Amino acid sequence: MNLSFLTRVAAAGAAFFLLAAGTSHAQDAEETTDPYDKPYIVEDGKVDQGTYNGYRRYHSSCHVCHGPDGLGGSFAPSLVESLKFIDYDKFAETIANGKAEKGSSGQRVMPSFGTDQNVMLYINDIYGYLKARSDGKIDRGRPERIKK
Ligand code: HEC
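Residues numbered from 1 in each chain as written. Predicted model: local features only at pLDDT ≥ 70, side-chain atom pairs only at ≥ 80, totals over all residues. Heavy atoms only, no water.

(A) Geometry of the overall build of the chain. Counting its regular elements, the chain contains eight helices and four strands. The secondary structure elements of the chain, listed N-terminal to C-terminal, are α-α-β-β-α-α-α-α-β-β-α-α. Relative to its full complement of 148 residues, the chain shows a buried share of 39%. Within the chain, contacts between residues at least 6 apart in sequence are counted, and of these 60% link residues at least 24 apart. Of the roughly 9000 Å² of accessible surface on the chain, 52% is carried by carbon and sulfur atoms. (Helix = DSSP H or I, 4+ residues; strand = E, 2+ residues; numbered from the N terminus. Buried < 20%, exposed > 50% of the residue type's maximum accessible area, 1.4 Å probe, protein only. Contact = heavy atoms within 4.5 Å. Areas by Shrake-Rupley, 256 points an atom, 1.4 Å probe, with all protein chains shown as cover.)

This is how it looks when you write it as structure tokens:
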């Protein structure tokens, strides 16, 4: 929440952030997403390209631990639940740096994806997908894309 702008840029991947900033024009006719104000677009149960991409990225990099459709597994918590409580900055920071919990049942570790471009470049898409799931806007399974 209180991360400085620079930290946020570092966490989200500088290249992507600048790209995103450079392509958002207020007068654009097309709707655009923004991780803070509008992380996803859902129309009639169908999703924008970024959210669809987030679905794919999530299921290639995260679901082995966090379960299909973000529902959680025996190893890692449900991100559908987590995103009701953590904001975008916390989400991005956790993925960039990882997180380790020490408990009575041993140690479960969230690995750092800070150097994994397949994740860091698409962190906004992954967030959008999981946020849409968390908000109950899309069901389990592969979402359909909005036709342009
Ligand atoms: C190797 C297994 C593993 C993979 C792969 C993995 N995670 Fe995690 N993740 C964990 C574990 C375990 C935790 C819980 C760590 C803790 O609470 O200390 C966690 C925690 C998190 C949290 C914090 C949840 C909370 O409520 O605080 C987020 C956000 C998260 N992971 C996102 C992701 C995303 C996005 C991906 C894919 C890019 C991913 N994780 C891939 C194991 C994994």
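(B) Looking closely at the pattern of salt bridges. Inspection of the entire model under this criterion finds five salt bridges. Here K84 and E81 are joined by a salt bridge, their closest N and O atoms 2.9 Å apart. A salt bridge links K90 to E93, with the shortest nitrogen-to-oxygen separation between them at 3.8 Å. Within this pair, K90 and its partner E93 are both found in helix α6 (residues 88–97), separated by three residues, close to a single helical turn. Assessed through its relative accessible area of 39%, K90 is described here as partly exposed. (Salt bridge = Lys/Arg side-chain N within 4 Å of Asp/Glu carboxyl O.)

(C) Here's a closer look at the confidence of the model for the chain. On average, residues of the chain score 85 in pLDDT, and 76% of them reach the 70 mark or higher. Across residues 21–28 the pLDDT falls below 50, and counting only partners more than four positions away or on other chains, this stretch makes one contact in the model. (pLDDT = per-residue confidence, 0-100.)

(D) Region of interest: the site of the ligand. Neighbouring the ligand are 22 residues; C62, C65, H66, S82 and M110 lie closest to it. H66 is positioned such that a nitrogen or oxygen atom in its side chain is 2.8 Å from a nitrogen atom of the ligand. At a separation of 2.6 Å, an oxygen atom of the ligand approaches a polar side-chain atom of S82. For the shell around the ligand, the elements supplying multiple residues, two or more each, are α4 (63–66), α5 (79–82), α6, β3 (99–103) and β4 (106–110). (Near = heavy atom within 4 Å. Polar contact = N/O pair within 3.5 Å; in protein donor to acceptor, adjacent residues only side chain to side chain.)

(E) A look at the packing of aromatic side chains. The tally for this structure, following the rule as stated, stands at six aromatic pairs. Seen from their ring centres, Y36 and Y88 are 5.2 Å apart, and the 75° between their planes marks the pair as edge-to-face. Residue Y36 is found in the loop between α2 (14–23) and β1 (42–43), and its partner Y88 is found in helix α6; the two are separated by 52 residues along the sequence. Residue Y88 is classed as buried on the basis of its relative accessible area of 3%. Three or more aromatic residues joined by ring pairs form one cluster here, namely Y36, Y88, F91 and Y127. Positioned above the aromatic ring of Y122, the side-chain terminus of R57 is 3.9 Å from the ring centre. The ring of Y52 is capped by R145, whose NZ or CZ atom sits 3.9 Å from the centre of that ring. (Phe/Tyr/Trp six-rings, centres within 6.5 Å; stacked < 30°, edge-to-face > 60°. Lys NZ or Arg CZ within 6 Å of the ring centre and 35° of its normal.)

(F) Here's a closer look at the packing of α6 against helix α8 (residues 123–134). Packing of α6 against α8 leaves a shortest axis separation of 11 Å and a crossing angle of 125°. Comparing their axes, α8 and α6 come out oblique. Along this stretch, α6 crosses α8, giving a crossing that reads as right-handed. Only I123, N124, I126, Y127 and L130 of α8 make contact with α6, whose side of the interface consists of Y88, F91, A92 and I95. Counted by class, the contact of α6 with α8 contains eight nonpolar, one polar and no charged residues. (Axes fitted to C-alpha atoms, helices over the stretch in contact; angles between N-to-C directions. Parallel < 35°, antiparallel > 145°, perpendicular 65-115°, else oblique. Left-handed = near helix turned anticlockwise from the far one by under 90°. Nonpolar A, V, L, I, M, F, W, Y, C, P; charged D, E, K, R; others polar.)

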